[in-house]
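Commentary on secondary and tertiary structure
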Amino acid sequence: MNSEALLEKMVEACDDKRAEDIMTFDVKETSTVTDYYIICHGNSGRQVQTIADEIKDLAKDLDIEPLVEGYNEGKWILCDLNNVILHVFHGPEREYYNLERLFKNGEHIDSRQ
């Protein structure tokens, strides 16, 4: 599966679990780590974990073994799928860390066109 298709599937998975303010960033030209980042948030620790569960389940269905960090705390969960990396935050943590500020070179894309 190509990176763009994986991105779309992961955005849909986040949306299916009612993640809020889903933002995608195309970093193919500026990163050697991944092609895309997704940043979103949930309104409770449980919702953050539910979003991450959906991502993990879909990744496994696609024969991708995700690396997941921060699941037990439910405040900031990182899901690394190689070509797509997701940051699923609890609302207050997203506001505090403000990862979006790292993308100043116009990498933001709207993947739900």
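Now for a description of the structure that goes with this document. Keep in mind it's a predicted model, so treat the numbers as computed, not measured. (Residues numbered from 1 in each chain as written. Predicted model: local features only at pLDDT ≥ 70, side-chain atom pairs only at ≥ 80, totals over all residues. Heavy atoms only, no water.)

**Things to note about the pattern of salt bridges**
Under the counting rule described, the total for this entry stands at 6 salt bridges. Between K28 and D26 there is a salt bridge, with its nearest N and O atoms 3.1 Å apart. The partly exposed category is assigned to K28, whose relative accessible area is 33%. For E100, the salt bridge identified is with R94, shortest N-O distance 2.5 Å. For R94, a relative accessible area of 5% gives the class buried. (Salt bridge = Lys/Arg side-chain N within 4 Å of Asp/Glu carboxyl O. Buried < 20%, exposed > 50% of the residue type's maximum accessible area, 1.4 Å probe, protein only.)

**Considering the environment of Y71**
The residue Y71 is located in the loop between strand 3 (67–69) and strand 4 (76–80) in this model. What makes Y71 partly exposed here is its relative accessible area of 22%. Measuring from C-alpha to C-alpha, the distance between Y71 and Q49 comes to 6.4 Å, with 22 residues separating the pair along the chain. The residues contacting Y71, other than those within four sequence positions of it, are R46, Q49, A52, D53, K56 and I77. Within the structure, Y71 has its side chain in polar contact with the side chain of D53 (distance 2.9 Å). (Helix = DSSP H or I, 4+ residues; strand = E, 2+ residues; numbered from the N terminus. Contact = heavy atoms within 4.5 Å. Polar contact = N/O pair within 3.5 Å; in protein donor to acceptor, adjacent residues only side chain to side chain.)

**Focus: the environment of R101**
Here R101 lies in the loop between helix 3 (91–97) and strand 6 (108–109). Among the polar contacts listed, one links the side chain of R101 to the backbone oxygen of N98, at a separation of 2.8 Å.

**Focus on the side chain of R94**
Assignment of secondary structure puts R94 in helix 3. Within the local environment of R94, its side chain forms a polar contact with the side chain of E100, the two groups lying 2.5 Å apart. In contact with R94, other than residues within four places in its own chain, are E20, D21, M23, I39, C40, H41, F89 and E100.

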